[in-house]
Number of protein chains: 2
Amino acid sequence: MQVWRVLSMAIVLYELVGIEDRRFSSNSWRTRMALAHKGLDAEIRAIHFTDIGKLWGNRFKTVPVIEDGPVVLNESWKIALYLDDTYPQKPSLFGGAASRELTFFVQSWVDAVLTSGARNFLILDIHDHLTPPDQKYFRASREKRFGKTLEELSSDRERDVVAFRASLEPLRRTLSERLFLGGSAPAYADYVVFGTFQWARSISRFRLVEADDPIAKWFERCLDLHGGIGRKSPGYT
Amino acid sequence: MQVWRVLSMAIVLYELVGIEDRRFSSNSWRTRMALAHKGLDAEIRAIHFTDIGKLWGNRFKTVPVIEDGPVVLNESWKIALYLDDTYPQKPSLFGGAASRELTFFVQSWVDAVLTSGARNFLILDIHDHLTPPDQKYFRASREKRFGKTLEELSSDRERDVVAFRASLEPLRRTLSERLFLGGSAPAYADYVVFGTFQWARSISRFRLVEADDPIAKWFERCLDLHGGIGRKSPGYT
């Protein structure tokens, strides 16, 4: 009699890394936290900006990318939906269909307001935490995209952060009255917001929010989630 | 043998009215749509700004107010939670606990960005659609609150609407990919956003968004919901 053994293969997650093992991809953090939330085995592989084009035959330009057996996927939102649909017996990322739709609104806000707003504050610090080949790529591509030097883009951050912090009011109000965006427990919406703050923490001493902001207190709670995988990752406090 | 008959008493909703039967309270529209969504009998009572203080012994300063038998409540969010918790056998406003939490984020965004951003564009038009005693109250209270005349507040709207429309990007992205914030069917999050656009429609020809904006198309869909109660209410097209 032959015994078949099902091998539980870990899902592979590719994320960006800089010097000093800094994991600074905001969108990869969404996926990293989602995998932990669902209790799925994951093998994290750190790659450089200039590696993305070499892997998967130029199929992807951004991380996160996951490999789940034969399935290869990128884009954090598609990955989140895939994980929740493929592993419904594991804790839900969204807590229902209606919540999934509204999480997309939260993500749209994060992309359009939070991450876009923070980008200039961090862009030079990101550069300074990259390996030399990635520095060269990053400076050239970003200066071309935005039509300014990295130094120019980040020069007014002490002034601009005032309006930026004011723009976070919807998040602040929400987190003033609950532990997580998901209520008493974190949901994928939390991880979407977390990714941006963890991106900042990983490479910059610049404070996106003041220490007594309810958002800062929520971020501290998130750093401790899932065995503290956020806090254990190299960053500034 | 005595036959007892349970009298189904309608829930009374108080909302603001101006001249020409214009119902311009954004937050009352949240409640009006919520009552319709749940299929609850409602009796709508239109009152003036200067009536609010006379009713309920000065207990409330704003509408909506509902009376459900002995229960008297104000504030649209508290009312929405009350309706969903009190009538769980009726269609849910939120579609689950997780979605309820995220709806609060949507509402915080509406209050801090959408309604606050639109206020100056509409403030003079609101005034012009009030009865004379309400006009007097409205002008005095708003000019005191904001430190400018209503004319000054609304003078730059053609210029300011450009940045305002850009600030709606999270909503635009979300509605580009789905019929409603709730997905294929409307949820309370839709009614929260709807209230602000219906407020504008009720008293102003000024376009908060352009006609080909996905947000404008979504608003048209909302006007047709629940027997077209939104569209039937007096307003500009």
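Described below are features of the structure shown in this document.

Some remarks on unusual backbone geometry
The amide bond that connects Val63 of chain A to the next residue, Pro64 of chain A, takes the cis arrangement and shows omega of 5°. By the element assignment, Pro64 of chain A lies in the loop between helix H2 (49-52) and strand S3 (65-68). Non-glycine residue His226 of chain B carries a positive phi angle of around 50°. Structurally, His226 of chain B is set in helix H11 (residues 225-232).

So, the interface of chain B and chain A
Taken residue by residue, the interface counts 26 residues in chain B and 26 residues in chain A. Of the roughly 2,300 Å² buried where chain B meets chain A, counting both sides, 70% is carbon and sulfur surface. Here chain B is connected to chain A by two salt bridges. Taking the shortest distance from any N to any O, the salt bridge between Glu101 of chain A and Arg178 of chain B comes out at 2.5 Å. In this assembly, chain B and chain A are joined by four residue pairs in polar contact (both at pLDDT 80 or more). Residue assignment for the side of chain B that touches chain A shows that the elements contributing at least two residues are helix H4 (97-128) and helix H8 (169-176) of chain B. Among the elements that take part in the side of chain B that touches chain A, H4 of chain B stands out by supplying 13 residues, more than any other. A breakdown of the residues in the side of chain B that touches chain A according to their chemical character gives 13 nonpolar, seven polar and six charged.

A word on helix H10 (residues 214-223) of chain A
Residue and element names in this part refer to chain A. Within H10, the full set of buried residues consists of Ile215, Ala216, Trp218, Phe219, Cys222 and Leu223. Around the axis of H10, the buried residues are gathered within 160° of arc, so they sit on the same side. Taken together, the buried residues of H10 touch helix H1 (26-37), helix H8 (169-176), helix H9 (188-203) and helix H11 (225-232). Where H10 begins, the capping side chain belongs to Asp213, and its oxygen is found 2.8 Å from the backbone nitrogen of Ile215.

A short note on the sheet that holds strand S2 (residues 42-47) of chain A
All names here are of chain A. Taken together, the four strands give an open sheet; going across it, the order is S2-S1-S3-S4, and neighbouring strands pair in mixed fashion. Either end of the sheet is taken by a strand with one partner, and the two such strands are S2 and strand S4 (71-74). In this sheet, neighbouring strand axes are inclined to one another by 20° on average, regardless of whether the strands run parallel or antiparallel. Both S3 and S4 contribute to a ladder of four bridges, which runs antiparallel. Residue pairing across strands places Asp68 opposite Val71, the latter belonging to S4. Its contacts with the sheet put H1 on strand S1 (11-16), S2 and S3, and the angle it makes with S1 is roughly 150°.

The rules behind each value
- Residues numbered from 1 in each chain as written.
- Chains lettered and ligands numbered in written order.
- Predicted model: local features only at pLDDT ≥ 70, side-chain atom pairs only at ≥ 80, totals over all residues.
- Heavy atoms only, no water.
- Helix = DSSP H or I, 4+ residues; strand = E, 2+ residues; numbered from the N terminus.
- Contact = heavy atoms within 4.5 Å.
- Buried area = accessible area lost by both parts, 1.4 Å probe.
- Salt bridge = Lys/Arg side-chain N within 4 Å of Asp/Glu carboxyl O.
- Polar contact = N/O pair within 3.5 Å; in protein donor to acceptor, adjacent residues only side chain to side chain.
- Nonpolar A, V, L, I, M, F, W, Y, C, P; charged D, E, K, R; others polar.
- Buried < 20%, exposed > 50% of the residue type's maximum accessible area, 1.4 Å probe, protein only.
- Arc of directions from axis to C-beta.
- Pairing = 2+ DSSP bridges.
- Axes fitted to C-alpha atoms, helices over the stretch in contact; angles between N-to-C directions.

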